[in-house]
Amino acid sequence: MFDNYVKVAVATPGIRVADCNYNVQQIRHLMERASDEKISLLCLPQLCITGATCGDLMFQERLIESARNAFYRLVDTTQYYDVMTVLGVSGLSDDDNHDTVAIIKKGHILATVPHFATATNLFRCDEKPNFSFSVRLSHNTQIIPDTAIIVHLAADNELIGSADYRHTIIKGESRRFACGYLYANAGYGESTTNTVFSGHNLIYENGTLLSESKPFGKGWAVSELDLTAIQHKKRQNAIEKFEKSEKSEKSEKTEKIKTTYFTMDFACTALTRHVSVTPFVPTEPAKLQARCEEVLNIQTMALLKRLNHTKAATIVVGVSGGLDSTLALLVAKKVAQLKKPVSNILAITMPCFGTTSRTRNNAHRLCQSLKIRCCEIDITESVKRHLADINHPPDIADVTFENAQARMRTMVLMDLANQNNGIVLGTGDLSELALGFSTYNGDHMSMYSINLGVPKTLISCIIKYIADTQLELTDVLNDIIDTPISPELLPVNSPNQPEKPEKSGKSGKPEKSAVVQSTEDILGPYELHDFFLYHMIGKGHSPKTILELACYAFSGKYHRDELKTVLKTFYTRFFSQQFKRNCSPDGPKIGSVSLSPHGDWEMPSDAMSAVWLNELS
């Protein structure tokens, strides 16, 4: 199913110091388990055949011979296990008796690497060239930039704060070199004469923790490494540009790297790792709160700088009662509190044919709660006159009918900004930018696009965070969150938008509501589009892989055919709407996934989507 993932494990055998026969037996049990679980690469700790705490016993010929014989017996038994194992052993080399790395598989020794040579040996799979790994025995060992996976055999003792320190170092190395990182540490059974070893094992990928055996735990961690995501990130990673720029200085070291090729039979990997349905939104409350605050701070500082540079006196915001304009207005308020009086925010609501009483009222309620002046300019008659000027029948609610409203609103905002020495603050978000769901030179245009880097799913969470922390805004913000996403461009209760049955309103009196023009009915759920966007741009996944990941993550919520249909919509619109992205306004970059044409995403407007859609077909 997932043919570009490789299943890996890190494990710590329970050993006896200097009892090589016993230790090999424990290692064999781990290899059996790895083979049963269809693991391709198993990493074991440093000197796990003898124990890392033998001290000067390591120089005793009897222990060296025992370790060597035990190792060769272990190699013989691996013919029954379809797993590649990397482990630390002593006594295999006269040049470096104390510490050697051995790679074994199917009864064969692929390589033995002395401690001093670990930085110059790369191992690469014939069947999957992007499956490569190198080994290291300390954090001081040089890392080969081209490696997809770092296999770190360790014997680090446990101290207060050691676990946090390992996480910090390994997370940083994994992110910096864009790689998977397997860290296997010595554990139970090592001598406690002076120090204690905890068997703390880690699996990281591009700076993200995938699996961990906690200190003094079971000593077993397993997950699947995404080779596509690693390769995609490596292509973007600044370290590659650095290596190219420094090629002349490092050519001598580069030439010394020895690549050993190996073969491996791969079965389709079944995932066990977590795949978030909201990749832009952390699931842990503390991390989500931190993410919301971080985004708000970035947006606030960005808008503050733009106002200072342009010497604008007024922030003009079109407020619709929807999510995007709400976030833009909240950011404007934060900026006003830092630098300018609140009176220098001009909020404009512009009802027309499709505006509902719910969004209209929420726009006014929000401004009132924020103590921001709100002007209502009904554009209905202006749009009617414009449609009459171009001889467009008033009863045909087509794309011209819809876009005329969006462009009229933008014209009003721009002219008001000119009148008040201000700038128009754009409200469109990253999700809409990806799908091109905006009117060209309508809501597509502004003088600063504050939500340019924020996806729809995260905007909702940020507003919810503010609703929960600012009680005076709670009611109106929660109602805005609960309002169906809609451009509200079709006439209310027209044949396109039938009236719902009466229901009891907040006042207790019956009220009528309309079936609004739901954006998600047109495009598909935004949670799916954000998921697709993250995996296409952020991870470099193919359409086939994205579909499989979506089936895995959204199992039980969406049928495969529904996911496939929405994914086709995503690719079709993503390719056809690039012309809008190519001339989108300035705006702050928020996360690693960005579609700004100003350095983050370059793509021709006339690129074809056939290659991507054909894979789905």
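Given the structure is predicted, the values throughout are model-derived calculations rather than measurements. (Residues numbered from 1 in each chain as written. Predicted model: local features only at pLDDT ≥ 70, side-chain atom pairs only at ≥ 80, totals over all residues. Heavy atoms only, no water.)

Colleague: What am I meant to see in the overall build of the chain here?
Modeller: Helix and strand counts for the chain come out as 20 helices and 20 strands. Residue burial in the chain is summarised as follows: out of 617 residues, 54% are buried. For the chain, the share of sequence-separated contacts (at least 6 apart) that also reach a separation of at least 24 residues comes to 70%. A total accessible area of about 27,800 Å² is found for the chain, and carbon and sulfur atoms account for 50% of it. Placing the 65 positive and 69 negative side-chain charges of the chain at their respective mean positions leaves the two points 3 Å apart. (Helix = DSSP H or I, 4+ residues; strand = E, 2+ residues; numbered from the N terminus. Buried < 20%, exposed > 50% of the residue type's maximum accessible area, 1.4 Å probe, protein only. Contact = heavy atoms within 4.5 Å. Areas by Shrake-Rupley, 256 points an atom, 1.4 Å probe, with all protein chains shown as cover. Lys, Arg positive; Asp, Glu negative; His and termini not counted. Charge placed at Lys NZ, Arg CZ, Asp CG, Glu CD.)

Colleague: Can you walk me through the pattern of salt bridges in this structure?
Modeller: Two side chains that carry opposite charge are able to pair once their charged atoms sit near each other. As enumerated under the stated definition, the model contains 20 salt bridges in all. Where K105 meets D82, a salt bridge forms, and the shortest distance between an N and an O atom there is 3.6 Å. One end of the pair, K105, is in strand 4 (residues 100-105); the other, D82, is in the loop between helix 2 (61-77) and strand 3 (84-89), and 23 residues separate them in sequence. Several salt bridges share partner residues, and in doing so they unite D324, D429, E432 and K456 into one network. (Salt bridge = Lys/Arg side-chain N within 4 Å of Asp/Glu carboxyl O.)

Colleague: Looking at this structure, I do not really get the nonpolar core. What am I missing?
Modeller: Nonpolar side chains in soluble globular proteins generally cluster together in the buried interior. If you look at the biggest cluster of nonpolar residues, it comprises 85 residues, and the most contacted ones within it are L303, L329, L477, L533 and F574. When residues in this core are grouped by element, the largest group, nine residues, is from helix 8 (residues 323-338). One finds V101, L137, L153 and I230 within the second-largest nonpolar core, a separate group that totals 31 residues. (Core = buried A, V, L, I, M, F, W, Y, C linked by side-chain atoms within 4.5 Å.)

Colleague: Even after reading the chapter, I still don't get the pairing of strand 10 (residues 201-205), so can you show me in this structure?
Modeller: Moving residue by residue along a regular strand, the side chains alternate between the two faces of the sheet. Across the five residues that make up strand 10, a large majority, five, are buried. Of the two faces of strand 10, the one holding N201, I203 and E205 and the one holding L202 and Y204 are both buried throughout. In this sheet, strand 10 lies alongside strand 9 (residues 180-185) in antiparallel orientation, the contact comprising four bridges. The residue of strand 10 that forms the bridge with Y183 is L202. Here strand 10 pairs with strand 11 (residues 208-213) via five bridges, running antiparallel. Following the sheet pairing, L202 is matched in strand 11 by E212. Linkage of strand 10 to strand 11, two consecutive antiparallel strands, is achieved through a turn of two residues, within which N206 is found at a positive phi near 50 degrees. (Pairing = 2+ DSSP bridges.)

Colleague: Help me understand helix 14 (residues 474-482) in this model?
Modeller: Helical geometry note: an α-helix holds 3.6 residues per turn, so side chains three or four residues apart project in the same direction. Residues T474, V476, L477, D479 and I480 constitute the buried set of helix 14. As for helix 14, its buried residues are in contact with helix 8, helix 9 (357-370) and helix 13 (456-469).

Colleague: Looking at this structure, how should I read the packing of aromatic side chains?
Modeller: Any aromatic ring pair is given by two values, namely how distant the centres are and how the planes are angled relative to each other. Scanning the entire structure with this criterion turns up 16 aromatic pairs. The residue whose ring lies beneath R33 is W220, and the NZ or CZ to ring-centre distance is 4.0 Å. Here R581 stacks its cationic end above the ring of F574, 4.2 Å away from the centre of that ring. (Phe/Tyr/Trp six-rings, centres within 6.5 Å; stacked < 30°, edge-to-face > 60°. Lys NZ or Arg CZ within 6 Å of the ring centre and 35° of its normal.)

Colleague: I keep staring at the sheet that holds strand 1 (residues 5-11) and nothing clicks. Help me out?
Modeller: What holds strands together in a sheet is hydrogen bonding between their backbones, with the strands either parallel or antiparallel. Pairing in this open sheet of six strands is mixed, and the strands run 5-4-3-2-1-12 from one edge to the other. Of all the strands in the sheet, the pair left with one neighbour each is strand 5 (108-114) and strand 12 (220-226). Pairs of neighbouring strands in the sheet enclose a mean axial angle of 20 degrees, with direction left out of account. Relative to strand 12, strand 1 runs antiparallel, the two sharing seven bridges. (Axes fitted to C-alpha atoms, helices over the stretch in contact; angles between N-to-C directions.)

Colleague: Quick question: what am I supposed to make of helix 10 (residues 380-389) here?
Modeller: Every buried residue of helix 10 is listed here: T380, V383 and L387. An end-on view of helix 10 places all buried positions within 70 degrees of arc, on one side of the element. When the buried face of helix 10 is taken as reference, the exposed residues oriented beyond 90 degrees from it are R385 and D389. For helix 10, the elements touching its buried residues are helix 11 (399-419). (Arc of directions from axis to C-beta.)

Colleague: Before we go on, may I ask you to explain the pairing of strand 8 (residues 149-154) in this structure?
Modeller: Counting buried positions along strand 8 yields six of six residues, so the element is predominantly enclosed. Burial along strand 8 is two-sided: the face carrying I149, V151 and L153 and the face carrying I150, H152 and A154 are both buried. Sheet topology places strand 8 next to strand 9; six bridges connect them, and they run parallel. Among the inter-strand pairings, A154 is bridged to a residue of strand 9, identified as N185. Running through helix 3 (residues 162-176), the crossover from strand 8 to the neighbouring parallel element strand 9 is right-handed. (Right-handed = clockwise from strand over helix to strand, strands pointing away.)

Colleague: For this particular structure, what's the right way to read the state of the cysteines?
Modeller: Simply put, the disulfide is a covalent bond whose two ends are the sulfur atoms of two cysteines. The tally for this structure, following the rule as stated, stands at zero disulfides. C292 carries a free sulfur, and the closest cysteine sulfur to it, the one in C461, is 6.3 Å from it. For the unlinked cysteine C352, the closest cysteine sulfur is that of C374, found at 16 Å. (Disulfide = S-S within 2.5 Å.)

Colleague: What is the right way to read the environment of Q60 from this model?
Modeller: Relative to the helices and strands, Q60 is located in the loop between strand 2 (41-43) and helix 2. The exposure class of Q60 is partly exposed, given its relative accessible area of 45%. C-alpha of Q60 to C-alpha of L110: the two residues are 50 residues apart in sequence and 27 Å apart in space.

Colleague: How do you make sense of the confidence of the model for the chain when you look at a structure like this?
Modeller: Any segment with low pLDDT has predicted coordinates that should not be analysed in fine detail. Overall, the prediction assigns the chain a mean pLDDT of 91, with 91% of residues at 70 or greater. Within the model, pLDDT remains below 50 along residues 247-254, and this stretch shows three contacts once partners closer than five positions in the same chain are excluded. (pLDDT = per-residue confidence, 0-100.)

Colleague: What am I meant to see in the sheet that holds strand 15 (residues 345-349) here?
Modeller: With respect to topology, five strands assemble into an open sheet ordered 16-15-14-17-18, the strand pairing being parallel. For this open sheet the edge positions go to strand 16 (374-376) and strand 18 (448-449), each flanked by a neighbour on one side alone. Two elements, strand 14 (residues 314-318) and strand 15, share four bridges in a ladder whose sense is parallel. Within strand 15, the residue paired with I315 across the bridge is I345. Helix-sheet contacts for helix 8 involve strand 14, strand 15 and strand 17 (422-426), and the interaxial angle to strand 14 is about 165 degrees. Sitting on the sheet, helix 9 touches strand 15 and strand 16, and the angle it makes with strand 16 is about 155 degrees.

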